[in-house]
Every structure is written in C-alpha cells, then in structure tokens.
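Descriptive structure summary
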Amino acid sequence: MITVLYFARLREVFGKASEQLALPPEGGAGAATLDSVRAQLAARGGVWAHELALQRSFRVAVNQAVARLDTPVKDGDEVAFFPPVTGG
Amino acid sequence: MTVRVQEADFDISAEIALLRAGNPKIGAIASFIGVVRDLNEGDSVVEMTLEHYSGMTEKSVEAIISEARGRWQVMDALVIHRIGTLKPLDQIVLVVVSSAHRGDAFAACEFIMDYLKTRAPFWKKEQTGAGARWVDARVADDAAAERWRRP
C-alpha cells in the first residue's frame, strides 16, 4: 500500500486529503512510477480524469521530495499531488 | 539555520537579536518581510488562508537555505512562514540572513525568498469581494527564481 495526499485546490476538488492505495501492478516497463499512480487515479473518471490529465499543471512529490512522473514508487511510499505553490 | 512554520505572528527585532547574539563576526544582516495586500488581481482581499504540506515544507526550506549557503558566505539564516487565516496588513513570511558582508547577505536573502515562492509547498486561498478562490502561481515568480539558475 501507498499513502496518497492531496493539497489545496486538488484536496477540495477530490473531496479528500489522503487515502491508502494498492500499488499499481508493475507494467512491462518495470517498477511502478508516479505516472502509474496518476493513471490509476485518473481512471476513476470525472474530476480525477480532468485534474490529473497529463496536460494539467499539477505537481508531484514522493516521500516529501519534489518528484517527476517517471519517479519510481514502492510499497510504503508517501505520494502527493498538488497545484503549483503560491506561498511567500 | 532555523525554519519555523507557525500560526503566530513574529517580531523581526526579537528574531534578529537572537540570530546575532554574541557573534562579532557578523558584519551584515539582510531581511525580508512579506505582508498581506488588500488587493490582488483587481479584487479586494478580505482575508486569506495559508495551507502547507507539513514535513515537506520544512525539508524544502532547509534545502533552499543549504543551497544558499553553498553559493554565498552565509553565517546563519532564519525563515518563518505563517499558516492559517491572515488579513491585509498581517505579516506572512520572514527571511533573515547574517553574513560577514552585505553582498552575500542581500543575495542569499533574495535567493531564499525567490526559491521559497516557487518551491516550498504553501498555497494561498483568498476571500475576496468576488468570492473565495485559490491563488494561481505567477509566471513572474518563476522568472524571479530562474534568474538564479546556474549555467
């Protein structure tokens, strides 16, 4: 299992701040990546498909470090999806 | 280095006094305070709420300060960022950098702020006369951070 966190506008649109997910099955290309997690969530359709479409400008992190969609994800990881940051 | 994320306000005089206490090697202290404006994108801002990614926020700001220390001669650095509900006139963020000389202090302070704006996981939601809205990331902030990119 992995923990998936959502922040700010995405948290509101998805209606949840976090959830536990089974790690997506390994594809032919090898280990699961953030993109496999993204695809699994987008397959829910509706706002999930809309917000997590590849052309959208969401950001991703694995274990509290900025990551990319090709970053590998393993069991027990903390994954996060969030909008571009606006602090300061 | 000190990084604090807190709801409470801060006092720049007290923070600077703490940072420089008993250190005669400091020759320069540069600081920046970000405050809440009453107008954004043409709408009056009544209040704003700041959300962050606890844990990642502290790590990312510490990484930014470490990078600044690698580029300039920095003796110490402090970042305080407020979260929760803030109103116009309220202080949001404080950056203080101490160094032997002003050039390093100025540059490191501006660098830390530019990187914080584009890398640290904070998000603002504004309550305006036109309703509530999440603040969009600004291209100008990306450009400001881009200036520091090394070839």
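For clarity, every value in this text was computed on a predicted model and none was experimentally measured.

**Quick word on the sheet that holds strand β5 (residues 76-82) of chain B**
Residues and elements named next belong to chain B. With respect to topology, 4 strands assemble into an open sheet ordered β1-β5-β7-β2, the strand pairing being mixed. Edge positions in the sheet fall to β1 (2-6) and β2 (28-35), since each of these pairs with one other strand and no more. The average angle at which neighbouring strand axes cross in this sheet is 5 degrees, direction not considered. Across 8 bridges, β2 lies against strand β7 (residues 91-99) in antiparallel orientation. What sits directly across from I29, in β7, is S98.

**Thoughts on the side chain of K124 of chain B**
When you line up the elements, K124 of chain B lands in strand β8 (residues 122-128). Buried and unpaired, K124 of chain B has D141 of chain B as its nearest opposite-charge partner, separated by 7.0 Å. Setting aside residues up to four positions removed in sequence, K124 of chain B forms contacts with T86, G87 and G88 of chain A together with M48, T49, L50, I92, K117, R133, W134 and V135 of chain B.

**Thoughts on the sheet that holds strand β3 (residues 59-62) of chain A**
Residues and elements named next belong to chain A. Spatial ordering of the open sheet is given by β2-β1-β5-β3-β4, a layout of 5 strands whose pairing is mixed. Among the strands making up the open sheet, the edge pair consists of β2 (18-21) and β4 (65-67). Strand-to-strand, the axes of this sheet are offset by a mean angle of 30 degrees, without reference to chain direction. Taken together, the 3 bridges between β3 and β4 define a ladder with antiparallel strand orientation. Following the sheet pairing, A61 is matched in β4 by V66. Along the sheet face, helix α2 (residues 34-42) touches β1 (2-6), β2, β3, β4 and β5 (78-82) and points at about 60 degrees away from the line of β5.

**What to know about the packing of helix α3 (residues 102-119) of chain B against helix α4 (residues 139-146) of chain B**
All names here are of chain B. Put simply, α3 and α4 touch, their axes get as near as 9 Å, and they point 135 degrees apart. It follows that α3 is oblique to α4 by the angle criterion. In this structure, the crossing between α3 and α4 has a hand that is left-handed. Residues D114, Y115, K117, T118 and R119 of α3 touch α4, and the partners they reach there are D141, D142, A144 and A145. A per-class count over the contact of α3 with α4 returns 3 nonpolar, 1 polar and 5 charged.

**Some remarks on unusual backbone geometry**
The phi dihedral of Q64 of chain A is positive, around 65 degrees, even though this residue is not glycine. Secondary-structure assignment places Q64 of chain A in the loop between β3 and β4. Of note, the phi angle at E41 of chain B is positive, near 50 degrees, even though the residue is not glycine. Mapped onto the elements of the fold, E41 of chain B is located in the loop between β3 (39-40) and β4 (43-52). Its relative accessible area of 65% is what places E41 of chain B among the exposed residues.

Conventions adopted
- Position numbers for residues start from 1 in each chain and track the written sequence from start to end.
- Key to labels: chains lettered from A, ligands numbered from 1, both in the order written.
- With the structure being a predicted model, the display of local features is reserved for residues of pLDDT at least 70 and the display and counting of side-chain atom pairs for 80 or more, all residues being used for whole-chain, interface and lining totals.
- To get the side-chain values, take all heavy atoms of the structure and skip hydrogens and water.
- Pairs of strands are assigned from DSSP output, requiring at least two bridges between the strands.
- A helix here means a DSSP run of H or I that spans at least four residues, while a strand means a run of E at least two residues long, and both kinds are numbered starting from the N terminus.
- The convention used is that axes are lines fitted to C-alpha atoms, helices contributing only their stretch in contact, and that angles between N-to-C directions extend from 0 to 180 degrees.
- We call a residue buried when its accessible area falls under 20% of the maximum for its residue type, exposed when it is over 50%, and partly exposed in between, using a 1.4 Å probe and counting protein chains only.
- A positive count includes Lys and Arg, and a negative count includes Asp and Glu. His and the chain ends are not counted in either.
- Salt bridges are counted wherever a side-chain nitrogen of Lys or Arg sits within 4 Å of a carboxyl oxygen of Asp or Glu.
- Note on contacts: a residue pair qualifies if any of its non-hydrogen atoms lie within 4.5 Å across the two residues.
- Just so you know how the angles are binned, under 35 degrees is roughly parallel, over 145 roughly antiparallel, 65 to 115 roughly perpendicular, and the rest oblique.
- Left-handed describes a crossing in which the near helix is turned anticlockwise from the far one by less than a right angle; the clockwise case is right-handed.
- As a working rule, the residues Ala, Val, Leu, Ile, Met, Phe, Trp, Tyr, Cys and Pro are called nonpolar, Asp, Glu, Lys and Arg charged, and the rest polar, with Gly in that last group.

Worth remembering: the numbers are spatial, not functional.
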